[in-house]
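# Coordinate inspection notes
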Amino acid sequence: CFVAPHQPVAGKTGNNSPANNHDECYSDCDKTKSQCDKNLRDDMKAKCRSCLKWWDPRRLRCYNWAKLYYVGVKVGGTVPYVTRQKESCECAMP
């Protein structure tokens, strides 16, 4: 469970964390940057819902982290996205 992708509520971050899934998405030749960024936000919010009860004050903080990370990757993720796409998709392009 996560309050933020880098900050577990319980357990370890693991390979199936929202942040790791987002990194992998940036390498997927069939995904747009916008899709990857929205998936990060949605994955984080889903973790918030599944790990924290509706009345837990950390749930609102968790949603705020999701929004903050979404804005961060939306604004600052273009160079990493383009780099990962070039590395992963160059040979796949006709």
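Let me sum up the structure you'll find in this document. (Residues numbered from 1 in each chain as written. Predicted model: local features only at pLDDT ≥ 70, side-chain atom pairs only at ≥ 80, totals over all residues. Heavy atoms only, no water.)

A few words on the pattern of salt bridges. Evaluation of the coordinates by the stated rule reveals three salt bridges. Among the ionic pairs, Asp-37 bridges to Lys-33, the shortest N-O distance being 2.6 Å. Taken together, the positions of Asp-37 and Lys-33, both in helix H2 (residues 33-51) and four residues apart, correspond to about one turn of that helix. One exposure class covers both Asp-37 and Lys-33, and it is buried. The closest approach of N and O atoms between Asp-56 and Arg-58, which form a salt bridge, is 2.9 Å. For Arg-58, a relative accessible area of 32% translates into the label partly exposed. (Salt bridge = Lys/Arg side-chain N within 4 Å of Asp/Glu carboxyl O. Helix = DSSP H or I, 4+ residues; strand = E, 2+ residues; numbered from the N terminus. Buried < 20%, exposed > 50% of the residue type's maximum accessible area, 1.4 Å probe, protein only.)

Another point: the state of the cysteines. Going through the model one piece at a time under the given rule, you end up with three disulfides. With its sulfur 2.1 Å from that of its partner, Cys-25 forms a disulfide with Cys-36. What sets the handedness of the Cys-25 and Cys-36 disulfide is the S-S torsion sign, and at about -80 degrees it is left-handed. With Cys-25 in helix H1 (residues 18-26) and Cys-36 in helix H2, the pair connects residues that are eleven residues apart, well separated along the chain. (Disulfide = S-S within 2.5 Å.)

Right, let's talk about the side chain of Arg-59 for a bit. On the secondary structure map, Arg-59 appears in helix H3 (residues 57-76). Not counting residues within four places of it along the chain, the set of residues in contact with Arg-59 comprises Cys-48, Arg-49, Leu-52, Lys-53 and Trp-54. (Contact = heavy atoms within 4.5 Å.)

The next subject is the environment of Gln-85. As for its position among the elements, Gln-85 is in helix H4 (residues 78-89). Spatially, the C-alpha atom of Gln-85 lies 5.4 Å from that of Ser-27, the residues being 58 residues apart in sequence. Those residues in contact with Gln-85, other than ones at most four positions away along the chain, are Cys-25, Tyr-26, Ser-27, Asp-28, Cys-29, Lys-31 and Glu-90.

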